[in-house]
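In case you want the letters, here they are:
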Amino acid sequence: MLTVRTSFGSPFGRKARIAISVLGLDSKVSVESATTQDPADPLRQQNPLGKIPVLVLDDGSAIFDSPVIIEYLDHLAGGGKIIPADAKARFDALRLQALADGIMDASILIVYEGRYRPAEKHEQKWLDLQAGKVDRSLAALEAKPPGLDSPPNVGQISLACALGYREFRFPGMLKKNCPRLSAWLDNFAARVPSFDATKPPPA
Ligand SMILES: N[C@@H](CCC(=O)N[C@@H](CS)C(=O)NCC(=O)O)C(=O)O
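Given the structure is predicted, the values throughout are model-derived calculations rather than measurements.

(A) Expanded view of the overall build of the protein chain. Scanning the protein chain from N- to C-terminus turns up nine helices and four strands. Rg of the C-alpha trace for the protein chain: 17 Å, near the compact-globule value of 17 Å for 203 residues, within the 12% margin. Along the first, second and third principal axes, the C-alpha set of the protein chain runs to 45 × 40 × 30 Å. Expressed as a percentage of its 203 residues, the buried residues of the protein chain come to 34%. By sequence separation, contacts in the protein chain at least 24 residues apart represent 67% of the contacts at least 6 residues apart.

Here it is as C-alpha cells:
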C-alpha cells in the first residue's frame, strides 16, 4: 500500500488526494497525517525540505513534490489520465498547474508571514510582492477561465485547490473579485465529489 502523507489543510496535499480519487486509486493509496512543524515526524527524513505532501512507496522511499506525486499516480493508473498524452493538452494542463501552484505558494507565504513573524515585524513590501503574484494570476484566469475535462486534468485539479485555499484563508474575496472563477469552482465541486470530501478542517 502506498501512502500520501500530508496535513488535512494543505492545498498541495489536497491536489494529491483529489488525484487519488479521480484516478480510482483509493484502494492502493492511503492518506496519513503529517506535521511539518514536529521534528520527530519522519517527514524530514522522507523529504529533506520538510514539506508536504510526500508519497511513501512500498520500499519506504518517498516521492515529492505534488507535481511529481501526481505524475507517479497518473503513471500508476495507466498514464495519460489526468496528465494528457497529447502535447498541446499536456502543456496547457502543466502550465495551468504551474500557475495554480504559484498562487498557492504566494498565498502560503502571506499566511506564514502572519504565522511566523510578530505583527510589528511584518514586511509590507514582501506581502505586496506576493499579493501581486496572486492578483495578476487570478486576473488572467478570470479573463479567460479554463475548461473542465472529465476527469479533470492536473491543471484543473490544481486550480480548484488554489481557489479553495483562497476561499479558506481569505473568505468571500473570490466571489467578490473573481465571479467567473467562483462559478468555475462551483462547477468543479459539483462534478468532482472528492473536492468537497477533501475540504480543509476549520482554521
Ligand atoms: N512545491 C511543493 C509545495 C509544498 C508546500 O509548500 N507545502 C506546505 C504546506 S501546504 C509546507 O509543507 N510547508 C511547510 C514548510 O514550508 O516548511 C508541492 O507542490 O508539493
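So much for the structure itself; the text now carries on.
(B) Molecular detail of the pairing of strand S1 (residues 2–6). Across five bridges, S1 lies against strand S2 (residues 29–33) in parallel orientation. Bridging across to S2, threonine 3 finds its partner in serine 30. Taken together, S1, helix H1 (residues 11–22) and S2 constitute a β-α-β crossover, and its handedness is right-handed. Summarising the sheet, S1 and strand S3 (residues 54–56) pair through three bridges and their orientation is antiparallel. Bridge pairing in S3 links threonine 3 to valine 56.

(C) The sheet that holds S2, seen in detail. Strand order in the open sheet formed by four strands is S2-S1-S3-S4, and the pairing between neighbours is mixed. Only two strands of the sheet have a single partner each, and these edge strands are S2 and strand S4 (62–63). Here H1 sits on the sheet and contacts S1 and S2; the angle it forms with S1, its principal contact strand, is near 150°.

(D) Region of interest: the site of the ligand. The environment of the ligand is made up of 13 residues, and the closest members are Ser10, Phe12, Lys51, Asp65 and Ser66. Elements that contribute at least two residues to the shell around the ligand include exactly H1, helix H3 (66–76) and helix H4 (87–116).

(E) Layout of the domain arrangement of the protein chain. Entries for the protein chain in the domain assignment read domain 1 (2–76) and domain 2 (87–194). If you average the C-alpha positions of domain 1 and of domain 2, the two centres end up 20 Å apart. In this assembly, 11 residues from domain 1 lie in contact with 13 residues from domain 2. With nine residues, H1 is the single largest residue contributor to the side of domain 1 that touches domain 2. Among the residues forming the side of domain 1 that touches domain 2, the class breakdown is seven nonpolar, one polar and three charged.

(F) Broad picture of H4. Between its terminal C-alpha atoms H4 stretches 42 Å, which fits the 44 Å expected from 30 residues at 1.5 Å a residue. Taken together, the buried positions of H4 are Ala93, Leu96, Gln97, Leu99, Ala100, Asp101, Ile103, Met104, Ala106, Ser107 and Ile110. On the buried face of H4, the contacting elements are H1, H3, helix H5 (124–143) and helix H6 (154–169).

(G) Local environment of the nonpolar core. Ranked by size, the top nonpolar core spans 46 residues in total, and within it Ala19, Ala100, Ile103, Ala160 and Ala162 carry the most contacts. At the level of secondary structure, the elements contributing two or more residues to this core comprise H1, S3, H3, H4, H5, H6 and helix H8 (179–191). No fewer than three residues from each of domain 1 (2–76) and domain 2 (87–194) sit in this core. When near neighbours in sequence (up to four residues on either side) are disregarded, alanine 160 contacts Leu185, Phe188 and Phe195.

Reading the values: the criteria
Residues numbered from 1 in each chain as written. Predicted model: local features only at pLDDT ≥ 70, side-chain atom pairs only at ≥ 80, totals over all residues. Helix = DSSP H or I, 4+ residues; strand = E, 2+ residues; numbered from the N terminus. Rg over C-alpha atoms; globule rule 2.2 N^0.38 Å. Buried ≥ 20, exposed ≤ 12 C-beta atoms within 10 Å, placed from the backbone. Contact = placed C-beta atoms within 7 Å. Pairing = 2+ DSSP bridges. Right-handed = clockwise from strand over helix to strand, strands pointing away. Axes fitted to C-alpha atoms, helices over the stretch in contact; angles between N-to-C directions. Near = placed C-beta within 6 Å. Domains from an automatic or database assignment. Nonpolar A, V, L, I, M, F, W, Y, C, P; charged D, E, K, R; others polar. Expected span 1.5 Å × (residues − 1). Core = buried A, V, L, I, M, F, W, Y, C linked by C-beta atoms within 7 Å.

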